[in-house]
Amino acid sequence: MTWAWRRAFRRFVGDRAAALGTALILVLILCAVFAPVLAPFPGDVGDFHTANRLHPPDGVNWLGTDRMGSDLLSRILFGARITIAIAIIAVGTALVIGVPIGLLAGYYGGWPSNLLMRVSDIFLAVPQIVLAIAIAQTLGPSIENVILALSITYWPFWARLVYAETRSLKNEVFIESAIALGASPWRVMALHILPNIASAIIVRTSIGMGATILTAAALGFLGLGAPPPAPEWGRMIAESREFLPEAWWYATAPGIAIFLVVMGFNLLGDGLRDILDPRIRRGGGAK
Amino acid sequence: MTALLAVEDLALGFATDAGLAQVLDGITLAVERGQVLGLVGESGCGKTTLARAILGVLPAHATRISGGRILFKGQDLLTADPETVNREVRGRAITFIPQDPFTSFNPVFTVGAQIMEVMKWKSPRRTEAEWGGKLPPLATRYPAGRRQSDFNAVIELLDAVQLPQPRQLLRKYPHELSGGQRQRLMIAMALLPQPDLVIADEPTTALDVTIQAQILGLIRRLATEHNVAVLLTTHDLGTAYEICDAINVMYAGQDVESAQVERFFAAPAHPYTTKLLASLPRAAGTASGIPGEVPLLIAPPSGCRFHPRCDRAAAQCRETRPPVDQFGAGHWVRCYHPHRDVE
Amino acid sequence: MTPPILSVRNLRRHFTVRGPFNRRMGSIKAVDDVSFDLMPGEIFGLVGESGCGKSTLGKTIMGIHRPDAGEIWFGGQQIAHLPPVGARAVRRNLQYAYQDPGASLDPRWKIGRSLHEPLAIHSALAPTEREARIRDILKAVGLPETHLDLYPHEISGGQQRRVGLARILTLHPKVVILDEPTSGLDVSVQATVLSLFRGLRKTFQLTYVFISHDLAVVRMMCSRVAVMYLGRIVEMGPTDAIFDRPRHPYTRSLLAAIPKIGGARVTRDFWLQGEPPDPGNLPSGCRFRTRCPKAADVCAHQEPALSTAEHGSVACHFPE
């Protein structure tokens with residue numbers, strides 16, 4: 001590990017906000033992976049015990065029970081799996097579509113890239129949630145459709161970002177000299193441009209995960225996500241509406257879960273930005 | 001006769017992430033009225049920092065002044081009342097010509113607006129009564145009578161710096177002017193407050209050689225006409241030869257030699273100076289360089305900072321910095337083994 | 001008579017100036033009808049002030065800009081309008097060094113990887129052979145082998161410059177275009193860099209096109225010089241002839257502007273007034289006539305052609 005990396009790592013660990021963010025995400029991942037083990041009532045994802053419905057938090061049900069009598073804590077733990085799946089697949093798909101488009105458009109320029117960017121602009125002109133609602137409505141409520149809707153509405157953001165970064169990087173001396181050296185466009189894009197814009201992409205991916213989860217929760221709240229009894233956090237909040245404000249735990253628990261996860265991704269993204277961007281811009285401390 | 005500007009043993013450093021960088025280590029120089037003093041040194045020697053220290057525009061939170069005085073007309077600028085310095089010295093008695101003409105103007109205002117802004121605050125016709133007002137800067141009015149006489153002074157000086165059609169020029173934006181024109185404007189702006197001293201920080205480095213010749217000639221002529229002293233920093237010995245009366249050489253934050261210009265080039269004494277002169281390209285010859293590199297100022301060499309690269313270095317050079325050694329009228333060197341060549 | 005290694009004939013490269021709504025408002029004739037021959041083994045100087053087109057000329061020869069007209073002969077081949085594939089083959093023998101060769105290194109690549117890249121693109125050498133060649137070149141530029149594992153920001157600016165040069169030399173080119181190699185350098189560093197260039201030329205039998213605005217350096221390094229003004233060559237010839245007996249008024253003004261330590265002060269009586277005209281709006285006829293003390297009627301009507309005299313060529317109606 002070179003000296004610059006070591007210093008960056010130390011700075012990251014010392015940055016309490018970033019550490020908190022990382023911790024929250026790790027907790028999320030652990031919950032999702034070990035949900036069957038951690039949940040006190042793993043069966044409650046499907047079963048229901050109407051006798052036990054709408055109990056406030058107590059020694060048995062730490063977060064209370066919902067309208068079907070299922071343990072909220074267990075449902076939230078299993079819901080973490082849905083949350084992570086949506087976040088990773090939606091953002092991942094958007095990246096896989098948007099980044100190459102942005103690279104090609106930024107590198108080649110000319111009217112095809114203008115066309116691509118105008119198409120992206122059209123997508124970006126509509127708020128993501130509105131467009132996602134429209135798509136999910138058309139296709140019907142399911143997790144797959146939520147992921148599809150989110151990916152379709154998210155790729156233009158990445159295309160724009162990568163396009164702008166590629167265009168500015170293209171004027172750098174080392175890119176021009178690689179081209180002068182005879183490097184093929186593929187080599188320049190994949191081996192020179194992409195690694196140099198990776199930090200920008202990584203930072204925004206983290207923040208983007210948080211935003212995607214929020215949008216997915218909103219879609220679930222509107223009933224467009226997975227149908228019951230899937231323990232989707234947004235849907236749980238929607239279900240709780242008619243029982244408020246007496247059954248306060250019913251909305252609070254999933255709400256806090258969403259809040260913590262989104263905040264975690266945002267803090268992580270900020271922390272990453274601090275260590276990734278200044279190091280590159282400053283270029284080290286030799287002089 | 002006391003010098004107009006006398007820097008005595010100035011030592012300062014910058015606090016950085018990696019420690020304290022000792023940027024200036026005991027600098028001494030003196031500028032007489034009407035004299036053009038050249039401060040010669042390569043990049044990293046501290047000449048720009050020294051210029052900024054005299055103006056008092058170093059970043060306050062990072063600068064650590066560890067000793068010395070900057071005497072301007074007998075008053076120590078480092079301990080003087082900041083209000084007074086701001087009002088009477090900076091931009092008024094001491095003005096500044098920056099190095100890069102391409103970034104020294106605000107791109108969103110016309111050059112005329114920027115020049116008149118300078119005149120509003122720093123005109124020699126500004127009276128004590130005006131200074132008494134406690135209004136914030138934005139609310140302070142520009143008295144109409146003074147404005148007209150200031151404007152006439154501006155036009156007159158723009159003619160003196162050989163800028164064609166001054167009235168139309170003032171309506172232009174900085175990006176519409178060339179580097180040479182912008183530098184002439186900076187010279188005019190530096191002379192408008194009728195200063196005693198102008199600090200020119202590498203004023204022609206960014207310009208082409210023919211424009212450079214014009215600008216240098218202009219600086220010299222105007223300095224003589226207006227009886228203004230000039231402290232000129234440069235890394236180009238040719239520039240120093242052209243218009244300076246005396247030359248001080250700096251290396252890595254230390255001053256190493258000072259002489260009148262003719263004597264400087266005829267009989268340089270410090271090994272760094274001689275090596276520098278030998279590095280100048282000569283027709284059909286080879287220019288020798290100086291082995292090694294300029295040291296990082298976080299952990300500079302002890303004693304004489306040039307000793308790692310000097311072929312005359314001895315143990316003494318590593319231990320303590322050489323004291324000032326008077327060589328003759330107006331010529332001193334800080335070296336234990338200077339060149340004592342015949343003259 | 002040895003044939004020239006590189007020949008440029010009537011090369012033209014114009015940049016269109018566009019106003020609002022992409023309207024074509026004029027063109028900047030950055031390189032306008034330039035012709036010269038480059039002899040093997042020489043250092044050929046291209047001098048001029050900013051905006052004269054010397055950098056654009058270098059980049060056009062190199063293929064970074066595509067020429068609008070003219071021919072470039074290199075290795076018996078016409079390379080001016082080659083398609084990208086053919087152009088790549090040419091790159092082996094014709095290389096270009098930026099003003100700061102260190103900036104040509106990808107900041108995220110280790111130096112070793114940057115040095116491997118030209119060979120990976122152009123040659124079919126096995127990795128071990130590449131490694132051997134790279135080590136040789138590192139030695140030739142005076143850098144230790146430990147540098148191969150470092151990143152560019154971990155070494156000093158001077159060392160970055162040497163790495164950049166080493167990268168160019170891995171392909172063993174025949175001609176290297178040096179674009180302002182000493183610009184912005186301190187005088188002591190400059191001397192070291194110039195002697196490095198000299199040494200490399202001998203080791204690798206290189207021919208240089210030396211682009212610079214610093215006449216003193218050019219005088220020391222180059223055997224022949226061409227002076228450019230606003231896109232054209234105004235005078236060309238052996239270095240001694242140009243510097244001792246300049247014939248074009250612009251060349252004379254350039255030389256008059258250089259401080260001569262120990263001699264008379266040049267700035268006191270410097271005679272060239274004004275500034276170069278707007279490159280998008282050149283004067284008719286000879287483009288120097290607006291500042292030339294000898295300008296006459298014919299200068300406004302007819303652009304002087306580069307005509308050969310005893311010791312070189314000059315483009316002026318009234319040469320000295």
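Given the structure is predicted, the values throughout are model-derived calculations rather than measurements.

Caption draft 1: Focus on the overall build of chain A. Secondary structure assignment for chain A yields 11 helices and zero strands. The N-to-C order of helical and strand elements in chain A reads α-α-α-α-α-α-α-α-α-α-α. Overall size of chain A, expressed as C-alpha extent along the three principal axes, is 75 × 45 × 30 Å. Counting across all 287 residues of chain A, residues that qualify as buried make up 41%. Considering only intrachain contacts with a sequence separation of at least 6, the fraction spanning at least 24 residues in chain A is 72%.

Caption draft 2: How the structure looks around the interface of chain B and chain C. Facing 36 residues of chain B, the contacting portion of chain C comprises 32 residues. Looking at the side of chain B that touches chain C, the elements that each hand over two or more residues are helix H8 (209–226), helix H9 (237–243) and helix H11 (271–279) of chain B. Broken down by element, the side of chain B that touches chain C gets its largest block of residues, nine residues, from H8(B).

Caption draft 3: A look at the sheet that holds strand E6 (residues 94–97) of chain C. Residues and elements named next belong to chain C. Overall, mixed pairing links the eight strands, which are arranged E6-E7-E8-E3-E9-E10-E12-E11 in an open sheet. Of all strands in the sheet, those with a lone pairing partner are E6 and strand E11 (307–309), marking the two edges. Strand-to-strand twist across the sheet, computed as the mean angle between neighbouring axes with direction ignored, equals 20°. Looking at chain direction, E11 and strand E12 (residues 312–314) are connected through three bridges and run antiparallel. Counted as the bridge partner of Ser-307 is Val-314 from E12. Where helix H1 (residues 54–62) meets the sheet, it contacts strand E3 (43–47), E6, strand E7 (175–179), strand E8 (207–212) and strand E9 (224–229), and its direction lies at approximately 150° from that of E7.

Caption draft 4: The arrangement of the interface of chain C and chain A in detail. Contact with chain C, which involves 22 residues of that partner, is made by 17 residues of chain A. Among the elements of the structure, helix H2 (84–91) and helix H3 (111–122) of chain C are those that each provide at least two residues to the side of chain C that touches chain A. Looking at side-chain class alone, the side of chain C that touches chain A contains 11 nonpolar, five polar and six charged residues.

Caption draft 5: Structural detail: the packing of helix H7 (residues 143–170) of chain A against helix H9 (residues 185–221) of chain A. All names here are of chain A. Across the interface, H7 lies against H9 with an axial gap of 10 Å and an inter-helix angle of 155°. Relative to H9, H7 is oriented roughly antiparallel. Judged by the sense of rotation from one axis to the other, the crossing of H7 with H9 is right-handed. Residue-level contacts link Val-146, Leu-150, Tyr-154, Leu-161, Val-162, Glu-165, Thr-166 and Leu-169 of H7 to Ile-193, Asn-196, Ile-197, Ala-200, Arg-204, Thr-212, Thr-215, Ala-216 and Leu-219 of H9. Classifying every residue of the contact of H7 with H9 by side-chain character gives 11 nonpolar, four polar and two charged.

Caption draft 6: View of the sheet that holds strand E5 (residues 75–76) of chain B. Residue and element names in this part refer to chain B. Read across the open sheet, the four strands follow the order E2-E1-E4-E5; overall the sheet is antiparallel. The two strands at the open ends of the sheet, each matched to only one other strand, are strand E2 (19–31) and E5. Relative to E2, strand E1 (residues 5–16) is paired through nine bridges, and the arrangement is antiparallel. Looking across to E2, one finds that Thr-16 is bridged to Gly-19.

About the cut-offs
Residues numbered from 1 in each chain as written. Chains lettered and ligands numbered in written order. Predicted model: local features only at pLDDT ≥ 70, side-chain atom pairs only at ≥ 80, totals over all residues. Helix = DSSP H or I, 4+ residues; strand = E, 2+ residues; numbered from the N terminus. Buried ≥ 20, exposed ≤ 12 C-beta atoms within 10 Å, placed from the backbone. Contact = placed C-beta atoms within 7 Å. Pairing = 2+ DSSP bridges. Axes fitted to C-alpha atoms, helices over the stretch in contact; angles between N-to-C directions. Nonpolar A, V, L, I, M, F, W, Y, C, P; charged D, E, K, R; others polar. Parallel < 35°, antiparallel > 145°, perpendicular 65-115°, else oblique. Left-handed = near helix turned anticlockwise from the far one by under 90°.

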